Amino acid sequence: MADQNFNMVLSGVPYTVKVSPFDFNAEKRYKVTYNGGDEHIFTWDSSMGRYAAIDDDSATIPDELEVAISEKLVSVRA
């Protein structure tokens, strides 16, 4: 997967999302920014069964957006 940019609207709020894949210890991870903000790191979380943000500021990501980004990551990897 190359860098991806996509737009989405969730609960009436528009988001512009940029995703850049990278490898870390033989695992695919993703650098994700939305609306030009801070970078977040997403990786597969087997306990949640989806991709999740793991960086220190991940709590600032709206839950609905984190789930939507996860779904998008799954669909582009398929």
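What comes next is a walk through the structure.

About the cut-offs
- Residues numbered from 1 in each chain as written.
- Predicted model: local features only at pLDDT ≥ 70, side-chain atom pairs only at ≥ 80, totals over all residues.
- Heavy atoms only, no water.
- Helix = DSSP H or I, 4+ residues; strand = E, 2+ residues; numbered from the N terminus.
- Polar contact = N/O pair within 3.5 Å; in protein donor to acceptor, adjacent residues only side chain to side chain.
- Contact = heavy atoms within 4.5 Å.
- Buried < 20%, exposed > 50% of the residue type's maximum accessible area, 1.4 Å probe, protein only.
- Pairing = 2+ DSSP bridges.
- Axes fitted to C-alpha atoms, helices over the stretch in contact; angles between N-to-C directions.

**A word on the environment of Y30**
Part 1: Its place among the elements puts Y30 in strand 3 (residues 27-34).
Part 2: Once the C-alpha coordinates of Y30 and E64 are considered, the two residues, 34 residues apart in sequence, prove to be 18 Å apart.

**Describing the side chain of T43**
Part 1: For T43, the location among the structural elements is in strand 4 (residues 40-45).
Part 2: Among the polar contacts listed, one links the side chain of T43 to the side chain of E27, at a separation of 3.1 Å.
Part 3: If we ignore the near neighbours within four places in the chain, the residues touching T43 are E27, K28, R29, R50, Y51, A52 and I54.

**A look at unusual backbone geometry**
Part 1: Here the phi dihedral of S11 falls at roughly 50°; this positive angle occurs in a residue that is not glycine.
Part 2: On the basis of relative accessible area, S11 is assigned to the exposed category, the value being 64%.
Part 3: Of note in this structure, N25 is not a glycine but carries a positive phi near 50°.
Part 4: Take N25: it is sitting in the loop between strand 2 (13-24) and strand 3.

**Some words on the sheet that holds strand 2**
Part 1: One open sheet accounts for 5 strands, arranged 1-2-3-4-5; its pairing is antiparallel. Strands at the two margins of the open sheet, each flanked by one partner only, are strand 1 (4-10) and strand 5 (50-53). Strand-to-strand twist across the sheet, computed as the mean angle between neighbouring axes with direction ignored, equals 35°.
Part 2: Alignment of strand 1 against strand 2, held across 7 bridges, turns out to be antiparallel. Paired with V9 across the two strands is P14, which belongs to strand 2.

**Regarding the pairing of strand 5**
Part 1: Sheet topology note: the strand 4/strand 5 ladder contains 4 bridges and is antiparallel. Across the sheet, the residue bridging to W44 is Y51, located in strand 5.
Part 2: Where strand 4 hands over to strand 5, the hairpin turn is made up of 4 residues, of which G49 adopts a positive phi near 70°.

The analysis is restricted to geometry; functional conclusions fall outside its scope.
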